[in-house]
Amino acid sequence: IPLYEELILINKSSDVVKNLADSYYNTYQMIEAAKWYAYLTSIYSENLDEDYFFKYSQSLKAIGDYDKASEILTAYYSSKNEIDKLAKLKSNLKYLENIKAIGDRFSIKNLALNTINSEFGAAQIDSNLIYTATKKTSNKLYRWNNQNYLDLYSHPINKLNLNDSISTNYSNTINTKMHEGTFAITKDRKTIYFSRNNFNNGKKKIDAKKISNLKIYRASWIENKWQDIVELPFNSDSFSTEHPALSNDEKTLFFASDRPGGFGSFDIYATKIQQGNFYTQPENLGSIINTDKKEQFPFIASDNVSISSHSLINS
């Protein structure tokens, strides 16, 4: 970013502006991202594809400018005569208006365990809240966001009014120096599936772009600790497989992946869990759920039907 900020003083070509805007976007600095996407779409709009207008809209949403975010996509789809996408956008906006009209049905309380860094993917497991957070004790920073690496932490449910200082490392065998994140655990508490960078037995693997993709691992509860950690057979060094979620009957594992053959960046997939820890070939859940954008973080409701997705991090 500092190099592009210096370069852009003398060269505001589309490539330089794109790279600077994307750099801010990919490191979650959305005020600056919105600023440079605004410049990009105003000066070079004729030569830009939809992706840049979408990221501009997302940046505006992230900083709370929802009306402007909708205007950007509405204007773009109208100019390209994208009738179907325009209709879907209007339908989504109408849905949000209806939700707003219902009024406040829930109160939102900021838990004391939250910090200025990342805490997410929380689930109540028995008497504890298990969640993903940046490591509290490491001096090694993750360069994409200058935070510590992610681990799983445990916090007593009856002490949610106390800050993160009483949160404890969920597992010394699951957590490593790389990212560990979202998880799914069986009802008998004997099996856990979790996301981790391509890292096992102390070794990190990267792809051709020097990215350590995410994989899903399985561990078994043996002698009061998580052991026998293995990666699932449908992982790959070349793409990410992440964010596991179990169906209510625990016979289907849902997850997100950017593997080849999908509709877009990340899609939601499902695999059947068979006896002996065998898994069927992952099946894409199709165009009703998946789009050409990111679908991640699947959640399975108790009715075993509802699936929601929204947009861990590669390193």
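Going by the structure above, here's the rest.
Residues numbered from 1 in each chain as written. Predicted model: local features only at pLDDT ≥ 70, side-chain atom pairs only at ≥ 80, totals over all residues. Heavy atoms only, no water.

Remarks on the overall build of the protein chain
Along its length, the protein chain carries six helices and 19 strands. A compact globule built from 315 residues should have a C-alpha radius of gyration of about 20 Å, and the protein chain, at 21 Å, falls within 12% of that. For the protein chain, the spread of C-alpha atoms along the three principal axes comes to 65 × 45 × 40 Å. For the protein chain, buried positions account for 41% of its 315 residues. Accessible surface for the protein chain amounts to roughly 18200 Å². Of this, 50% is attributable to carbon and sulfur atoms. (Helix = DSSP H or I, 4+ residues; strand = E, 2+ residues; numbered from the N terminus. Rg over C-alpha atoms; globule rule 2.2 N^0.38 Å. Buried < 20%, exposed > 50% of the residue type's maximum accessible area, 1.4 Å probe, protein only. Areas by Shrake-Rupley, 256 points an atom, 1.4 Å probe, with all protein chains shown as cover.)

Let's talk about the pattern of salt bridges
Applying the stated criterion across every chain yields a total of ten salt bridges. A salt bridge links E50 to K85; the nearest nitrogen and oxygen atoms lie 2.6 Å apart. Placement of E50 in helix α4 (residues 50-62) and of K85 in helix α6 (residues 83-102) is noted, with a sequence separation of 35 residues between them. Put simply, K55 and D51 hold a salt bridge, and the shortest N to O gap is 3.3 Å. Of this pair, K55 and D51 are both found in helix α4, four residues apart, which corresponds to roughly one turn of the helix. When salt bridges that share partners are traced, they join E50, K85, D292 and K293 into one network. (Salt bridge = Lys/Arg side-chain N within 4 Å of Asp/Glu carboxyl O.)

Remarks on the nonpolar core
If you look at the biggest cluster of nonpolar residues, it comprises 25 residues, and the most contacted ones within it are W36 and Y37. If you list the elements that add at least two residues to this core, you get α2 (14-26), α3 (30-43), α4, α5 (66-79) and α6. (Core = buried A, V, L, I, M, F, W, Y, C linked by side-chain atoms within 4.5 Å.)

Observations concerning the packing of α2 against α3
Contact geometry of α2 with α3 gives a least axis separation of 8 Å together with a crossing angle of 155 degrees. Taken together, α2 and α3 sit at an angle that is classed as roughly antiparallel. As for how α2 packs across α3, the hand of that crossing is left-handed. Between α2, through S14, V17, K18, L20, A21, D22, Y24 and Y25, and α3, the contact on the second element is made entirely by M30, E32, A33, W36, Y37, Y39 and L40. (Axes fitted to C-alpha atoms, helices over the stretch in contact; angles between N-to-C directions. Parallel < 35°, antiparallel > 145°, perpendicular 65-115°, else oblique. Left-handed = near helix turned anticlockwise from the far one by under 90°. Contact = heavy atoms within 4.5 Å.)

Overview of the sheet that holds strand β2 (residues 128-134)
Here we have four strands laid out as an open sheet, ordered β1-β2-β5-β6, and antiparallel in their pairing. Each edge of the open sheet carries a strand with a single partner, namely β1 (119-125) and β6 (168-169). With seven bridges joining them, β2 and strand β5 (residues 150-156) adopt antiparallel strand pairing. Within the sheet, the bridge partner assigned to A133 lies in β5 and is D151. (Pairing = 2+ DSSP bridges.)

Observations concerning α2
An ideal rise of 1.5 Å per residue puts 18 Å on 13 residues; α2 measures up with 18 Å between its terminal C-alpha atoms. Those residues of α2 lying buried are V16, V17, K18, L20, A21, D22, Y24 and Y25. Those residues of α2 that are buried are in contact with α1 (2-7), α3 and α4. Among the residues trailing α2, Y28 stands out with phi positive, at a value near 65 degrees. (Expected span 1.5 Å × (residues − 1).)

Details of the side chain of K18
Considering the arrangement of structural elements, one finds K18 in helix α2. As a buried residue without a salt bridge, K18 has its nearest oppositely charged side chain in D15, at a separation of 4.5 Å. With residues up to four places along the chain from it excluded, the contact list for K18 reads L40, L48 and Y52. (Lys, Arg positive; Asp, Glu negative; His and termini not counted.)

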